[in-house]
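Results of the structural survey
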Amino acid sequence: MPIELERALKLRKLHLEKGDPDCDHEYEKEFFNGIPTGDYACKKCGQSISKSSYLKIMKVRESLD
């Protein structure tokens, strides 16, 4: 399920207000007004990462399975 940039920013603000605790990130494609930004954002804490970083993380996770 995609995440809107505005929602990701709100989640990030709330997460930082809690002291930026560790997060087991669950990234989703990030959109701005329905248009893909090319980035990914965590649906738990709102952290945004580039597509290339996302692909690297997924590759590492797959190798651990």
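Below or above, wherever it landed, is the structure these notes cover. (Residues numbered from 1 in each chain as written. Predicted model: local features only at pLDDT ≥ 70, side-chain atom pairs only at ≥ 80, totals over all residues. Heavy atoms only, no water.)

Brief notes about the overall build of the protein chain
For the record, the criterion: Numbering of helices and strands runs from the N terminus, with a helix taken as a DSSP run of H or I at least four residues long and a strand as a DSSP run of E at least two residues long. Only protein chains enter the calculation, and the probe is 1.4 Å; a residue is then buried if its accessible area is under 20% of its type maximum, exposed if over 50%, and partly exposed in between. Two residues form a contact once any of their heavy atoms are found within 4.5 Å. Think of it this way: Lys and Arg go in the positive column, Asp and Glu in the negative one, and His and the chain ends go nowhere. Taken as the charge centre is NZ of Lys, CZ of Arg, CG of Asp or CD of Glu, depending on the residue.
Check the secondary structure of the protein chain and you find 2 helices and 4 strands. From first element to last, N terminus to C terminus, the protein chain shows the α and β order β-α-β-β-β-α. Dimensions along the principal axes, computed over C-alpha positions, put the protein chain at roughly 35 × 30 × 15 Å. Here the protein chain, with 65 residues, has 25% of them falling under the buried criterion. When contacts within the protein chain are restricted to residue pairs at least 6 apart in sequence, those whose partners lie at least 24 apart make up 41%. One finds the centroid of the 12 positive side-chain charges in the protein chain at a distance of 1 Å from the centroid of its 12 negative side-chain charges.

Observations concerning the side chain of Glu-30
Worth spelling out the cut-off: In what follows, salt bridge is the name for a side-chain nitrogen of Lys or Arg lying within 4 Å of a carboxyl oxygen of Asp or Glu. Throughout this description, a polar contact denotes any pair of N or O atoms lying within 3.5 Å of each other; where both atoms belong to protein, one of them has to be capable of donating a hydrogen while the other can accept it, and for residues adjacent in sequence the pair is counted only when both atoms sit in side chains.
Within the secondary structure, Glu-30 is located in strand β2 (residues 27-32). Although Glu-30 lies buried, it forms no salt bridge, and the closest oppositely charged side chain, Arg-12, sits 10 Å away as judged by the N-O distance. Only 3.0 Å separates the side chain of Glu-30 from the side chain of Thr-37, close enough to count as a polar contact. Among all residues touching Glu-30, those that are not within four sequence positions of it are Ile-3, Leu-5, Ala-8, Ile-35, Pro-36, Thr-37, Gly-38, Asp-39, Tyr-40, Ala-41 and Ser-48.

By themselves, these figures tell us nothing about what the structure is for.
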